[in-house]
Amino acid sequence: QVQLVESGGGLVQPGGSLRLSCAASGSIASFDAMAWYRQAPGKSREFVALITNGGRTNCADSVKGRFTISRDNDENTVYLQMNSLKPEDTAVYYCNRIYRGRVGSWGQGTQVTVSS
């Protein structure tokens, strides 16, 4: 099946920005939607943002107004633009595909650390 590789994470100061990328080995247009999730140390994985194949988006209230999800079907890549980062945004960020209401398997993720 299609493999997803996240990248773009790193260490950033509070108030800074990062752009995460999720590169797919195949066509992301094959799925109903692509989404970003995150998991902080000692906490469960939580939903961050989603974009459908038709371009509709939604996001968690905790990141609304700060994060933007987008996709480039020609490049088979999904992005997460993160602005005004806060320490509580520190987590491993994962992308995944959604098809028929189900998510795929979880990959490596990319670490985002927000700290001064």
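Anything mentioned here points back to the structure above.
Colleague: Hey, could you run me through the pairing of strand β4 (residues 33-39) in this one?
Modeller: Look at any regular strand and the pattern is simple: side chains alternate between the two faces of the sheet. For β4, the tally of buried residues reaches six of seven residues, placing the bulk of the element in the interior. Of the strand pairs in this sheet, β4 and strand β5 (residues 46-52) are connected by six bridges, and their pairing is antiparallel. Bridged to Y37 within β5 is F47. The hairpin formed by β4 and β5 contains six residues between the paired strands, and G42 there has a positive phi angle of roughly 75 degrees.

Colleague: Sorry, what's going on with the nonpolar core here?
Modeller: Where a protein is soluble and globular, its nonpolar side chains tend to be buried together. With 28 residues, the main nonpolar core has W36, V48, F67, L80, M82 and Y93 as its most contacted residues. Where this core is concerned, the elements lending two or more residues are β3 (18-24), β4, β5, β7 (67-72), β8 (77-82), β9 (91-99) and β11 (110-114). No other element matches β3, which puts four residues into this core. In terms of nonpolar packing, the next biggest core, distinct from the first, is built from five residues, A33, Y37, L50 and I98 among them.

Colleague: Honestly, unusual backbone geometry in this entry has me stumped. Any pointers?
Modeller: Backbone phi values are negative for most residues with the exception of glycine, while trans is the configuration of most peptide bonds. The backbone of N76 sits at a positive phi, close to 55 degrees, despite the residue not being glycine. Relative to the helices and strands, N76 is located in the loop between β7 and β8. In this model, S84 sits at a positive phi of 50 degrees, which is unusual for a non-glycine residue. A relative accessible area of 42% means that S84 is categorised as partly exposed.

Colleague: Help me understand the sheet that holds strand β1 (residues 4-7) in this model?
Modeller: Neighbouring strands of a sheet are bound in pairs by backbone hydrogen bonds; such pairs are parallel or else antiparallel. With respect to topology, four strands assemble into an open sheet ordered β1-β3-β8-β7, the strand pairing being antiparallel. Here the strands that pair on one side only, and so sit at the sheet edges, are β1 and β7. Pairwise comparison of adjacent strand axes, ignoring direction, gives a mean angle of 15 degrees for this sheet. Looking at chain direction, β3 and β8 are connected through six bridges and run antiparallel.

Colleague: Just checking my understanding: could you explain the state of the cysteines for this structure?
Modeller: Covalent bonding between the sulfur atoms of two cysteines is what defines a disulfide. Counting across every chain of the model gives one disulfide. The side chain of C22 participates in a disulfide bridge whose partner is C95; the two sulfur atoms lie 1.9 Å from each other. Around the S-S axis, the bridge from C22 to C95 shows a dihedral of about 60 degrees and counts as right-handed. Note that C22 is positioned in strand β3 and C95 in strand β9, a separation of 73 residues in sequence.

Colleague: When you look at the pairing of β7 in this model, what are you seeing that I'm missing?
Modeller: Across the two faces of β7 the burial differs, with F67, I69 and R71 buried and T68, S70 and D72 not buried at all. Pairing of β7 with β8 involves six bridges; the strand directions are antiparallel. By the bridge assignment, F67 is partnered in β8 with M82. Between β7 and the antiparallel strand that follows it, β8, lie four residues; N76 among them carries a positive phi value of about 55 degrees.

Calculation rules
- Positions within a chain are numbered from 1, following the residues in the order the chain's sequence is written.
- Restriction of local features to residues with pLDDT of at least 70 applies here, the model being predicted, together with a cutoff of 80 or more for giving and counting side-chain atom pairs; totals for whole chains, interfaces and linings are based on all residues.
- Heavy atoms throughout the structure, all of them, feed into the side-chain values; hydrogens and water do not.
- Between buried and exposed lies partly exposed: a residue is buried under 20% and exposed over 50% of the maximum accessible area for its type, with that area taken using a 1.4 Å probe on protein chains only.
- Note on conventions: DSSP H or I runs of at least 4 residues are helices, E runs of at least 2 residues are strands, and numbering of each starts at the N terminus.
- What makes two strands pair is DSSP finding at least two bridges between them.
- We define the nonpolar core as a collection of buried residues of types Ala, Val, Leu, Ile, Met, Phe, Trp, Tyr and Cys that are connected through side-chain atoms lying within 4.5 Å of one another.
- For helices, the fitted line uses only the C-alpha atoms of the stretch in contact; every axis is such a line through C-alpha atoms, and the angle between N-to-C directions lies from 0 to 180 degrees.
- Put simply, a disulfide is two cysteine sulfurs that come within 2.5 Å.

Any functional reading would require information beyond the geometric quantities listed.
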